[in-house]
Amino acid sequence: MPDALFSPAAARNAVFIAEVLKRVLPPIGLVLEIASGSGEHAVHFARALPELVWQPSDPDEAARRSIVAHTRAAGLANIRSPLTIDATRQPWPVARSDAVVAINMIHIAPWDATIGLMAGAEETLAEGGVLYLYGPFREDDAHTAPSNAAFDDSLRARNASWGIRDVEAVVAAARGHDLHLDEHVVMPANNLSLILRRGRRSPAVDREAAS
């Protein structure tokens, strides 16, 4: 597969992410993945959740070629051809999806991409639809591990607009687009899963608003 890219991180975390997705995604429907990267996650999740249709996307042409290569090799019918989506540019070329997934995206992109992700998810998701975020985050104005602090420094050295984001800032940005924190799941390797739902207030949201 000459066009296929491979990510060691994707290989390590796919199993753990899939266990969360099995629980929080709808049993059937369309899942839009933003910034799909190599496409390895799309293949793993489409195989693990065969009743869902997976719509990968990435603004990078090499990534889209890799997604096509991995999809063809896997021979799965529930993965669509990748779309070109820049999270900062509206509208997205998907009128409606049942869930939106963004894995290891918002820290390797400018903050405008996080705002664009929230705006696009608001327009794409129906009431109660899930926006799933995964990656390293800061909490209570601090890194959750020394390795994350070092990673953050390396990201900002590569691009001053990148960096590990504060959970509180991400949740506040989401709330501005009718997306509310439903779950906060601690993951291996000092990462978090954030499950947000469109327009559906949960007990966690009520506690968040009262704090």
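For clarity, every value in this text was computed on a predicted model and none was experimentally measured. (Residues numbered from 1 in each chain as written. Predicted model: local features only at pLDDT ≥ 70, side-chain atom pairs only at ≥ 80, totals over all residues. Heavy atoms only, no water.)

1. Notes on the sheet that holds strand 6 (residues 142-143)
The sheet built from 3 strands is open, its strands ordered 6-5-7 with mixed pairing. Strands with a single pairing partner mark the edges of an open sheet, and in this sheet they are strand 6 and strand 7 (165-166). With 2 bridges connecting them, strand 5 (residues 137-139) and strand 7 associate as parallel partners. Bridge pairing links phenylalanine 137 to arginine 165 in strand 7. (Pairing = 2+ DSSP bridges. Helix = DSSP H or I, 4+ residues; strand = E, 2+ residues; numbered from the N terminus.)

2. Re helix 3 (residues 61-74)
Over its 14 residues, helix 3 extends 20 Å from the first C-alpha to the last, a length consistent with the 20 Å expected when each residue adds 1.5 Å. The complete set of buried residues in helix 3 reads Ala63, Arg64, Ser66, Ile67, Ala69, His70 and Thr71. Close packing links the buried residues of helix 3 with helix 2 (40-48). The N-capping residue of helix 3, defined by a side-chain oxygen 3.2 Å from the backbone nitrogen of alanine 62, is aspartate 60. Backbone geometry just after helix 3 places glycine 75 at a positive phi near 65°. (Expected span 1.5 Å × (residues − 1). Buried < 20%, exposed > 50% of the residue type's maximum accessible area, 1.4 Å probe, protein only. Contact = heavy atoms within 4.5 Å. Polar contact = N/O pair within 3.5 Å; in protein donor to acceptor, adjacent residues only side chain to side chain.)

3. Describing the sheet that holds strand 4 (residues 125-135)
Pairing in this open sheet of 6 strands is mixed, and the strands run 2-1-3-4-9-8 from one edge to the other. In this open sheet, the two strands that pair with only one neighbour each are strand 2 (52-55) and strand 8 (179-187). Within this sheet the neighbouring strands show an average axis-to-axis angle of 20°, counted without direction. As paired elements, strand 1 (residues 29-34) and strand 2 share 4 bridges and run parallel to each other. Among the inter-strand pairings, valine 31 is bridged to a residue of strand 2, identified as tryptophan 54. Contacting strand 2, strand 3 (97-103), strand 4, strand 8 and strand 9 (191-198), helix 1 (residues 8-24) runs over the sheet at an angle of about 140° to strand 8. Its contacts with the sheet place helix 2 against strand 1, strand 2 and strand 3, and it is angled at close to 175° to strand 2. (Axes fitted to C-alpha atoms, helices over the stretch in contact; angles between N-to-C directions.)

4. Some details on the confidence of the model for the protein
Across the protein, the average pLDDT comes to 93, with 94% of residues at 70 or higher. Below a pLDDT of 50 lies the segment residues 203-211, which in the model reaches 9 contacts outside its immediate sequence neighbourhood of four places, other chains included. (pLDDT = per-residue confidence, 0-100.)

5. So, the pairing of strand 8
As judged from the 8 bridges shared by strand 8 and strand 9, these two strands associate in the antiparallel manner. When the bridges of strand 9 are listed, valine 186 appears paired with leucine 192.

6. Description of the pairing of strand 1
Among the 6 residues that make up strand 1, 5 are buried, leaving the element largely enclosed by the rest of the structure. For the crossover that starts at strand 1, traverses helix 2 and ends in the parallel strand 2, the hand is right-handed. In this structure, strand 1 lies alongside strand 3, joined through 4 bridges in parallel fashion. Its bridge partner lying in strand 3, leucine 32 is registered against valine 100. (Right-handed = clockwise from strand over helix to strand, strands pointing away.)

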